[in-house]
Amino acid sequence: MSVPTVWYYVRELDAARSFYRETLGFEETAVDFNERWSHLRHGAMEIGLSEGQPQTEGAVAHVDVPDLKAEADRLRAQGLDVGIVFELQGEMRLLDVYDPDGNRIQLAQEL
C-alpha cells in the first residue's frame, strides 16, 4: 500500500469519505474503521483522511482535472461554494475548493 502525499484531519470520517468519493471523484484505496483513517486517490494525487481536529494551515492536495471550467460548474450545481477559476496566461487553470472541514484542495488543468 502506498503512502498518501497529503493528510487531512476531518471531524467525521464517514462524511468526509463520502464527500471525497461522491463529490470530488476520489477512489478509496484503503480504510480502517477502528483507527479512523482512509486513503483515497484521484489520478496521481493520493490523500489520507484521519479523524481529528482539522488544521487551518495544512498541506494542499493538487488534483489534475481535464476540464476545470466544467468541473467548477459541476461542483457549483451540487451546491458547493467554489471560487473563481484563475488562469495563468494560457498555461494552467487553477481553482481552490474546500471540503466541509475547511481543508483546501487545488484543482488544476494544464492548457
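Worth saying up front: this structure is predicted, and the values here are computed from it rather than measured. (Residues numbered from 1 in each chain as written. Predicted model: local features only at pLDDT ≥ 70, side-chain atom pairs only at ≥ 80, totals over all residues. Heavy atoms only, no water.)

## Section: the sheet that holds strand 7 (residues 92-98)
In step 1: Spatially, the 4 strands line up as an open sheet ordered 5-8-7-6, and their pairing is mixed. Bordering the open sheet on either side are strand 5 (61-64) and strand 6 (86-88), each of which pairs with just one other strand. Strand-to-strand twist of the sheet, defined as the mean angle between neighbouring strand axes without regard to direction, takes the value 30°.
In step 2: Bridge analysis of strand 6 against strand 7 gives 3 bridges, and the strand direction is antiparallel. Paired with Phe-86 across the strands is Leu-94, a residue of strand 7. (Pairing = 2+ DSSP bridges. Helix = DSSP H or I, 4+ residues; strand = E, 2+ residues; numbered from the N terminus. Axes fitted to C-alpha atoms, helices over the stretch in contact; angles between N-to-C directions.)

## Overview of the packing of aromatic side chains
In step 1: In the structure shown here, the tally under the stated rule is 3 aromatic pairs.
In step 2: Ring centres of Tyr-8 and Tyr-20 lie 6.3 Å apart, and the angle between their planes is 25°; this geometry places the pair in the stacked category. In this pair, Tyr-8 is assigned in strand 1 (residues 6-10) and Tyr-20 in helix 1 (residues 13-23), connecting sequence segments 12 residues apart.
In step 3: Residue classification places Tyr-20 among the buried positions, given a relative accessible area of 0%.
In step 4: On the basis of an interplanar angle of 80° and a centroid distance of 5.4 Å, the ring pair of Tyr-20 and Phe-26 is categorised as edge-to-face.
In step 5: Among the residues examined, Phe-26 registers a relative accessible area of 5% and is labelled buried.
In step 6: Grouped by ring-pair contacts, the aromatic residues Tyr-8, Phe-19, Tyr-20 and Phe-26 constitute a single cluster. (Phe/Tyr/Trp six-rings, centres within 6.5 Å; stacked < 30°, edge-to-face > 60°. Buried < 20%, exposed > 50% of the residue type's maximum accessible area, 1.4 Å probe, protein only.)

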